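Observations on the three-dimensional arrangement
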Amino acid sequence: MIRSILLLKFTPEATDAQIEAFGAALAAVPFQRRRHFEFHRDVRLTDDAMDAAVIADFDDEEAYRAWVADPGHHQVRSTYLDPIRAQRDRILFRI
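First, a word on scope: everything that follows refers to the structure included in this document. These numbers were taken from a predicted model, which means no experiment stands behind them. (Residues numbered from 1 in each chain as written. Predicted model: local features only at pLDDT ≥ 70, side-chain atom pairs only at ≥ 80, totals over all residues. Heavy atoms only, no water.)

Description of the overall build of the protein
Per the secondary structure count, the protein includes three helices and four strands. Ordered by position in the sequence, the α and β elements of the protein form the string β-α-β-β-α-α-β. Dimensions along the principal axes, computed over C-alpha positions, put the protein at roughly 35 × 25 × 15 Å. Burial status across the protein gives 37% buried among its 95 residues. Restricting the contact set of the protein to residue pairs at least 6 apart, pairs at least 24 apart contribute 71%. Accessible surface, the protein: about 5,800 Å² in total, of which carbon and sulfur atoms supply 52%. (Helix = DSSP H or I, 4+ residues; strand = E, 2+ residues; numbered from the N terminus. Buried < 20%, exposed > 50% of the residue type's maximum accessible area, 1.4 Å probe, protein only. Contact = heavy atoms within 4.5 Å. Areas by Shrake-Rupley, 256 points an atom, 1.4 Å probe, with all protein chains shown as cover.)

Shown next, in the form of structure tokens:
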């Protein structure tokens, strides 16, 4: 299984509503080979933290690559994330 952890920093203009809409839209993308999904906002205990994390598990490398190419995933990224994203970091590992 492949776990993807995506860390996001949003633009200063990003609203809570936009951020929550992104998380909800990403969770709603129908993708059979995504086994687990979480979206979390940072609790703001430090000034140097990222703003949010997306954690998702996929069956294997092929499933992850299919997710990256999925039209629903692209739609959410372009509609909800791209307008408010300032920085993105990712790690992928086997679990």
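As for the nonpolar core
Of all hydrophobic cores here, the largest spans 21 residues; its most connected members are Leu8, Phe10, Phe22, Val54, Phe58 and Trp67. Of all the secondary structure elements, the ones that give two or more residues to this core are strand S1 (2–10), helix H1 (16–28), strand S3 (52–58), helix H2 (61–69) and helix H3 (71–81). Not counting the four nearest positions on each side in its chain, leucine 8 is found in contact with Phe22, Met50, Asp51, Ala52, Val54, Leu81, Arg85, Gln87 and Arg88. (Core = buried A, V, L, I, M, F, W, Y, C linked by side-chain atoms within 4.5 Å.)

As for unusual backbone geometry
With a phi close to 65°, arginine 44 is a non-glycine residue in the positive phi region. Along the polypeptide, arginine 44 turns up in the loop between strand S2 (34–41) and S3.

Some details on the sheet that holds strand S4 (residues 85–94)
For sheets, the rule is that strands pair by backbone hydrogen bonds, running either parallel or antiparallel. With antiparallel pairing, the four strands of this open sheet are ordered in space as S2-S3-S1-S4. Whereas interior strands pair on both sides, the edge strands pair on one side only; in this sheet they are S2 and S4. Strand-to-strand, the axes of this sheet are offset by a mean angle of 15°, without reference to chain direction. Relative to S4, S1 runs antiparallel, the two being bridged by nine bridges. Bridging across to S4, phenylalanine 10 finds its partner in arginine 85. Contacting S1, S2 and S3, H1 crosses the sheet at an angle of about 170° to S2. (Pairing = 2+ DSSP bridges. Axes fitted to C-alpha atoms, helices over the stretch in contact; angles between N-to-C directions.)

Observations concerning a nonpolar patch on the surface
The grouping of Met1, Ile91, Phe93 and Ile95 at the surface amounts to a nonpolar patch, some 350 Å² of accessible area in total. With respect to the helices and strands, isoleucine 95 occurs in the segment after S4. (Patch = residues over 30% accessible without salt bridge, like charges linked within 9 Å, V, L, I, M, F, W, Y side chains within 5 Å. Salt bridge = Lys/Arg side-chain N within 4 Å of Asp/Glu carboxyl O.)

Some remarks on the environment of glycine 72
Structurally, glycine 72 can be placed in helix H3. For glycine 72, a relative accessible area of 27% corresponds to the partly exposed category. Measuring from C-alpha to C-alpha, the distance between glycine 72 and arginine 94 comes to 24 Å, with 22 residues separating the pair along the chain.

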